[in-house]
Amino acid sequence: MTKPFIFHGQSSDWVSRHDQKLTVRLAVEKTAAFNKIVVRHEPDNEEYLVEMTLSGETEHLNYWTATFELNSDRAMTHYVFKLVADKHQYWLDGKGVSQRVPSKETHFKFNAEHQPPEWVSEQVFYQIFPDRFCNGNPDISVKDGEYLVSGGHKSVTSKAWGSPVDTENGHGGCEFYGGDLYGVEQKLDYLQALGVSALYLNPIFTAPSNHKYDTSDYTQVDPHLGTNEHFASLCEKLHQRDMKIMLDAVFNHTSTEHPWFNLQGLSPTTGAYQSVDSPYRHYYFFEGESQNYIGWKGIRSLPVLNFEHPEVRDYIYQGEDAVIKHWLKPPYCIDGWRFDVIHMLGEGEGAKNNAHYVKAFRQSAKDVNPDCYVLGEHFFEATQWLQGDQEDGAMNYYGFAHPVRALLAQLDISFDPIQLSVGDFLDWQAEARAKIPWHNQLSQLNQLDSHDTARFLELVKNDPRRFKLAATLLFGYVGTPCLYYGTELGMLGSHDPDNRRCMPWDTVENNSYLAFFKQLIALRLSNPALQKGDYIPLYQDNESFVFARQLGDNTVINAFNLSDTPKTLSIDVWKTAVTDGEFISSLSGQKTSACNGQLPLALSSMSGDLLALQRGS
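Criteria and cut-off values
- Residues numbered from 1 in each chain as written.
- Predicted model: local features only at pLDDT ≥ 70, side-chain atom pairs only at ≥ 80, totals over all residues.
- Heavy atoms only, no water.
- Buried < 20%, exposed > 50% of the residue type's maximum accessible area, 1.4 Å probe, protein only.
- Helix = DSSP H or I, 4+ residues; strand = E, 2+ residues; numbered from the N terminus.
- Pairing = 2+ DSSP bridges.
- Phe/Tyr/Trp six-rings, centres within 6.5 Å; stacked < 30°, edge-to-face > 60°.
- Lys NZ or Arg CZ within 6 Å of the ring centre and 35° of its normal.
- Contact = heavy atoms within 4.5 Å.
- Axes fitted to C-alpha atoms, helices over the stretch in contact; angles between N-to-C directions.
- Arc of directions from axis to C-beta.
- Parallel < 35°, antiparallel > 145°, perpendicular 65-115°, else oblique.
- Nonpolar A, V, L, I, M, F, W, Y, C, P; charged D, E, K, R; others polar.

Engineer: Give a description of the pairing of strand β9 (residues 89-93) that names residues and reports values.
Structural biologist: The side chains of a regular strand alternate, residue by residue, between the two faces of the sheet. Counting buried positions along β9 gives four out of five residues, so the element sits mostly inside the fold. Sheet analysis places strand β8 (residues 76-84) next to β9, joined by four bridges and oriented antiparallel. Residue Leu83 lies in a different strand from β9, and its bridge partner there is Tyr90. As consecutive antiparallel partners, β8 and β9 are separated by four residues.

This is the structure in structure tokens:
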């Protein structure tokens, strides 16, 4: 049975709040006749059905409206729509239309107390791995044999810019190429010309390794990257350019070289590893009086912090001068924190009381800057952390990177083969969206690749068609796009550390991808529909899919053809309330016109396109 078109967006076009009441709007295909249309909610954990009233129409759609009370017992209100015909009923939740009452986890959600910052979805982020981006001050670069890492077992190595990283001998974390914060500053013009509006820096605090996820001092910029004073100046220059900056916070564990732990005895402090009488002994997890301790995922160089200890809590988030607060205050005034492995943080190996600490981190940050972006790293589903009161968004591996990788590279995150149909792909994304509130959907950080994954172009075997299709989806989809440094240049690289090659600055002049990414970024930044617009499914078959992003009078059609042959489609744009109008491709400049609610689309093989409705159409 063909399901009727029934749609409810969650943007300001469809949802409005007045005091403790929520007004919602529903679009229903006119050819579908219903005896009853209601919105269902649970103000006291029991079902209430509120009748909807006809409030408007277009040639193809009727619009229905209802107002109901927000939940008073909790911040989150769930609701879903029920439509009854003579012999059938249909339900609409965040995942789509079904013929039975859906699970509550996919009901529409509105959090009345906790919202992500509005600015996040308006950005294009750019992730920088500092040691590999640009060497701006060779005088501070790491020297060969300067010190030991990995608990004193390996010596650091200085390498020539662009030379291959070690992928065979396990020395990836010991190799330094000299990238620093002075290099970031030198490339601000490049980044702004690209269209980047926000930077996400991998850890910059003092640490032995090149990746710096083994912090030894949370209050100092690593001297091989710069100084606190220079970083303050960099932040000021970014803000003068109306750009944002987000730092990486590694609070689940420290380095063994942190003075609290002091495995090599480099600090005058008596560290937890050195003595059971150390004042820092209970900052970590030891087996009795032995030197056996818990390392993150069993890695000995990353001892896990014990948040049961009040002094650890004060130092990281509770105290007036806590680390989380420190970098949000002048002279730095950073705009966001990305919290590393935040789901593993807590009391012991089982991350006991994890939600309590994540909420506390959020509150600590928001106390200093209510508009601070609180981002969590989760390699898999993060639904429980994304209901509004913990994280604003997550690195969206589960809802974006994993399904896109499966669809276009036929590989899962473990490099195992997977065959994903268009229908399964769209279902995966719909499920991930439906489980979290709309504003948190918009604040998800979407990436094709990162410092923890193979480069996407590597995954698709250097196929420019699949790479460009994926990039087009990145900038058209719900959530905030983030480029990993060099993605705009088509950088290659397999597993860590091969995915952390040096930025190839000598290829910028004649790069075949750079102009393409500039087009995508410019469209994203100039079109509110792509930043905050609703996702409206329009078409799918075995080889293609089309959806719209829409906000007010801004409409962008996102069309994708996975076939090896060109396709011509006729799309029901009446579902977006557009009957007639001209659309123009943001990539090719070609124009096509909708007539009587139908839009003809010609798609090249293995390609994506973004077509914006021209104002006044």
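Now that the structure has been shown, we can carry on.
Engineer: Which residues make up the pairing of strand β27 (residues 544-551), and what values go with them?
Structural biologist: Within β27, eight of the eight residues are buried, which leaves the element mostly enclosed by the surrounding structure. Neither face of β27 is exposed, since Ser544, Val546, Ala548 and Gln550 on one face and Phe545, Phe547, Arg549 and Leu551 on the opposite face are all buried. Here strand β26 (residues 534-540) runs beside β27; their pairing, made up of six bridges, is antiparallel. Across the sheet, the residue bridging to Ile536 is Ala548, located in β27. Across eight bridges, β27 lies against strand β28 (residues 554-561) in antiparallel orientation. Counted as the bridge partner of Val546 is Ala559 from β28. Connecting β27 to the next strand, β28, in antiparallel fashion are two residues, including Gly552 with a positive phi near 60°.

Engineer: Give a description of the packing of aromatic side chains that names residues and reports values.
Structural biologist: A complete count under the given rule lists 57 aromatic pairs for this structure. Aromatic pair Trp260 and Tyr283: ring centres 4.8 Å apart, planes at 85°, arrangement edge-to-face. Highlighted residues: Trp260 in the loop between β20 (244-249) and α4 (310-318) and Tyr283 in the loop between β20 and α4, separated in sequence by 23 residues. Classification of Trp260 by relative accessible area gives buried; the value is 8%. Looking at Arg25, its charged tip hangs above the ring of Trp14, at a distance of 4.4 Å from the centre. Between the NZ or CZ atom of Arg300 and the centre of the ring of Tyr293, over which it lies, the distance is 3.9 Å.

Engineer: Could you give an account of the sheet that holds strand β12 (residues 125-128), naming the residues involved and the relevant values?
Structural biologist: A sheet is described by the order of its strands in space; here eight strands give the open sequence β23-β22-β21-β20-β17-β12-β25-β24, paired in parallel fashion. Two strands bound the open sheet, and with one partner strand each, they are β23 (393-394) and β24 (445-446). Relative to strand β17 (residues 198-201), β12 is paired through four bridges, and the arrangement is parallel. From the neighbouring strand, Gln127 faces β17, where its bridge partner is Tyr200. Packing against the sheet, helix α11 (residues 464-476) makes contact with β24 and β25 (480-484), and its axis sits at approximately 140° to β25.

Engineer: An account of α4 is needed here, citing residue identities and associated values.
Structural biologist: Among the residues making up α4, those that are buried are Val312, Arg313, Ile316 and Tyr317. Along the long axis of α4, the arc covered by the buried residues comes to 95°, so they all point the same way. Contact partners of the buried residues in α4: β19 (217-221), α5 (323-326) and α6 (354-368).

Engineer: Describe the environment of Phe125, naming the residues involved and giving the relevant values.
Structural biologist: Secondary-structure assignment places Phe125 in strand β12. Here the alpha-carbon distance between Phe125 and Tyr484, two residues 359 residues apart in the chain, equals 8.6 Å.

Engineer: Requested: an account of the packing of α4 against α6, with residues and values cited.
Structural biologist: Across the interface, α4 lies against α6 with an axial gap of 10 Å and an inter-helix angle of 45°. Between α4 and α6, the angle falls in the class oblique. On the side of α4, the interface is formed by Arg313, Ile316 and Tyr317, while α6 contributes His356, Tyr357, Ala360, Phe361 and Ser364. Tallied by class, the residues present in the contact of α4 with α6 amount to five nonpolar, two polar and one charged.

Engineer: So what's going on with the sheet that holds strand β33 (residues 607-613)? Which residues, and what values?
Structural biologist: With antiparallel pairing, the six strands of this open sheet are ordered in space as β26-β27-β28-β33-β30-β31. The sheet terminates laterally at β26 and β31 (591-594), the two strands that pair on one side only. For this sheet, the mean inter-axis angle between neighbouring strands, taken without regard to orientation, is 25°.

Engineer: Describe the packing of helix α7 (residues 397-409) against helix α8 (residues 422-434), with residues and values.
Structural biologist: For the pair α7 and α8, interaxial distance at closest approach is 9 Å and the crossing angle is 175°. Relative to α8, the element α7 is oriented roughly antiparallel. Contact with α7, carried on its side by Tyr398, Gly399, Phe400, His402, Pro403, Val404, Ala406 and Leu407, involves Phe425, Trp428, Gln429, Glu431 and Ala432 of α8 and no other residues of that element. The residue inventory of the contact of α7 with α8, partitioned by class, reads nine nonpolar, three polar and one charged.

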